[in-house]
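A closer look at the structure
Residue-level listing of the chains:
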Amino acid sequence: MSKPIPDEYGDLLVEVKQRIRSAQYEALKAVNKELIALYWDIGQMIVTRQQQAGWGKSVVEQLAKDLRREFAGISGFSAANLWRMRLFYETYAANEKLAPMVREIGWTHNLVILEKCKDDLEREFYIRMTRKFGWTKNVLIHQIENQTYEKTLLNQTNFNQTVPVEIRNQLQLAVKDEYTFDFLELADEHSERQLEQAILTRVQPFLQEMGGRFTFVGSQYRLEIGEQEFFIDLLLYHRQLKCLVAVELKTGEFLPEYVGKMQFYLAVLDDKVRLPDENLSIGIILCKSKNKTIVEYALRESNKPIGIATYKVFSTLPQELKNQLPAPEQVAKLLEGIE
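All figures in this text were calculated on a predicted structure; none of them were measured in a lab.

Section: the environment of Tyr179
By the secondary structure assignment, Tyr179 is in strand S2 (residues 178-180). Residue Tyr179 is classed as buried on the basis of its relative accessible area of 0%. Excluding anything up to four places from it in sequence, Tyr179 contacts Ala174, Glu209, Met210, Ile284, Leu286, Ala309, Thr310, Tyr311 and Lys312. From its side chain, Tyr179 meets the backbone nitrogen of Lys176 in a polar contact 2.9 Å long.

Describing the environment of Val14
Within the secondary structure, Val14 is located in helix H1 (residues 9-53). Along the backbone, Val14 and Leu241 are 227 residues apart, and their C-alpha atoms lie at a distance of 27 Å.

Brief notes about a nonpolar patch on the surface
On the surface, a nonpolar cluster with roughly 540 Å² of combined accessible area is contributed by Ile5, Tyr9, Leu12, Leu13, Val16 and Ile20. With respect to the helices, strands and loops of the structure, Leu13 is situated in helix H1. For Leu13, a relative accessible area of 34% puts it in the partly exposed group.

A few points about the pairing of strand S3 (residues 214-225)
The pairing of S3 with strand S4 (residues 228-238) spans 10 bridges and is antiparallel. Its bridge partner lying in S4, Ile225 is registered against Gln228. Between S3 and S4, which pair antiparallel one after the other, the connecting turn spans 2 residues, and Gly226 there sits at a positive phi close to 55°.

Thoughts on helix H3 (residues 79-92)
Spanning 14 residues, H3 covers 20 Å between terminal C-alpha atoms, matching the ideal 20 Å at 1.5 Å per step. Within H3, the full set of buried residues consists of Ala79, Asn81, Leu82, Met85, Arg86, Phe88, Tyr89, Thr91 and Tyr92. Looking at the buried residues of H3, the elements they touch are H1, helix H2 (57-70), helix H4 (98-101), helix H5 (107-116) and helix H6 (120-133).

Side note on a negative patch on the surface
Negative charge collects at one region of the surface, where Asp7, Glu8, Asp11 and Glu15 lie side by side. On the secondary structure map, Asp11 appears in helix H1.

A short note on the packing of aromatic side chains
In the structure shown here, the tally under the stated rule is 17 aromatic pairs. Taking the centre distance of 6.4 Å and the plane angle of 20° together, the rings of Tyr179 and Phe181 count as stacked. The class for Phe181 is buried, based on a relative accessible area of 1%. With a centroid separation of 6.0 Å and an interplanar angle of 50°, the aromatic rings of Phe264 and Tyr265 are classed as tilted. According to the relative accessible area criterion, Phe264 is partly exposed, its value standing at 31%. Overall, Tyr265 belongs to the buried group, its relative accessible area being 3%. By way of ring pairs, the aromatic residues Tyr39, Trp40, Phe88, Tyr89, Tyr92 and Trp107 are connected into one cluster.

A closer look at the environment of Leu236
Along the chain, Leu236 falls in strand S4. When the C-alpha atoms of Leu236 and Thr215 are compared, they prove to be 5.6 Å apart, with 21 residues separating the residues in sequence. Look past the residues within four positions of Leu236 in its chain and what remains in contact with it is Phe206, Leu207, Met210, Phe214, Thr215, Phe216, Val217, Cys243, Leu244, Val245 and Val247.

Some words on the packing of H6 against helix H16 (residues 328-335)
Running from N to C, H6 and H16 point in directions that differ by 10°, and their axes come no closer than 10 Å. In this view, H6 runs roughly parallel relative to H16, as classed from their interaxial angle. The crossing of H6 and H16 is left-handed. Together, Leu121, Glu124, Phe125 and Arg128 of H6 and Pro328, Val331, Ala332 and Leu335 of H16 make up the contact between the two elements.

Observations regarding the pairing of strand S5 (residues 243-249)
Counting buried positions along S5 gives 7 out of 7 residues, so the element sits mostly inside the fold. Here S5 shows two buried faces, one formed by Cys243, Val245, Val247 and Leu249 and the other by Leu244, Ala246 and Glu248. Of the strand pairs in this sheet, S4 and S5 are connected by 5 bridges, and their pairing is antiparallel. When the sheet's bridge partners are listed, Leu235 is paired in S5 with Ala246. The antiparallel pairing of S4 with S5 creates a hairpin that spans 4 residues between the two strands, and Lys242 there sits at a positive phi of about 55°. Direction of pairing for S5 relative to strand S6 (residues 282-287): parallel, over a ladder of 5 bridges. Counterpart to Val247 in the pairing with S6 is Ile284.

The rules behind each value
Residues numbered from 1 in each chain as written. Predicted model: local features only at pLDDT ≥ 70, side-chain atom pairs only at ≥ 80, totals over all residues. Heavy atoms only, no water. Helix = DSSP H or I, 4+ residues; strand = E, 2+ residues; numbered from the N terminus. Buried < 20%, exposed > 50% of the residue type's maximum accessible area, 1.4 Å probe, protein only. Contact = heavy atoms within 4.5 Å. Polar contact = N/O pair within 3.5 Å; in protein donor to acceptor, adjacent residues only side chain to side chain. Patch = residues over 30% accessible without salt bridge, like charges linked within 9 Å, V, L, I, M, F, W, Y side chains within 5 Å. Areas by Shrake-Rupley, 256 points an atom, 1.4 Å probe, with all protein chains shown as cover. Salt bridge = Lys/Arg side-chain N within 4 Å of Asp/Glu carboxyl O. Pairing = 2+ DSSP bridges. Expected span 1.5 Å × (residues − 1). Lys, Arg positive; Asp, Glu negative; His and termini not counted. Charge placed at Lys NZ, Arg CZ, Asp CG, Glu CD. Phe/Tyr/Trp six-rings, centres within 6.5 Å; stacked < 30°, edge-to-face > 60°. Axes fitted to C-alpha atoms, helices over the stretch in contact; angles between N-to-C directions. Parallel < 35°, antiparallel > 145°, perpendicular 65-115°, else oblique. Left-handed = near helix turned anticlockwise from the far one by under 90°.

So, in structure tokens, the structure goes:
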């Protein structure tokens, strides 16, 4: 007669499944690195032959036919893909920083970034973010089309004067200038309560749009001070930065007094909610619109880390803002915060 399954069996099953998934993930990473290395080498060989011997397009077309004939069961050797391999190698061969990074994301992700990004800094941003957050191809396309790069670099915060230098770059990249909530199915005119309720019905895409490393703590998070109750619209937690994130929702234009209220919330969170090993809490005030100059003045004397952002149900970044991006050397330094 067999013995009954012990109560602790469930723990064993969880551990084994986690180990299997970990092994599967590591195997996929190894296969991907080898595939990217293969495509890199093919691209290099094509470029070298064309440069040294002056070979033309017909050679690539013939090479594609011969490879598909020889490796009939393996996809990826079409003429179009060989040209992509050539472009892939040409784009990154001279870039000592990006050349190793491209091997850490999938081939289809690399193709999306090659096709849709206009310079190496933008490519670096999306390569790092894809690697960090494990974006799928569709999520990556959405982030690029939604101009996450520009919206992140244009954000308005006071983090330079309110957070420790060791987490400053990472924190700067955790807040965008504008968020797009096109998944909320809201009319253009809506109340703060309607906005909050809509977010609560779509928490997962909301957290994804917020940046990928946030977890949801609660809505109308209650604080009790001096026998009075106060409520934070949304309370999140940033796993990598190890800090609470208070989010206030405003359906109108940004007003300077919002900063004072957020400072109060952050002071209470730091004193009564934050754990000893966590960083200082940060605040994000989401408004329907804002005047950048007013925001700058409102944040200037604030001693708590706060970011002011706008949200839209549908959004495109005005063309003129693209010319306001930081200098390339500033961007490069900021990107070091994405590990």
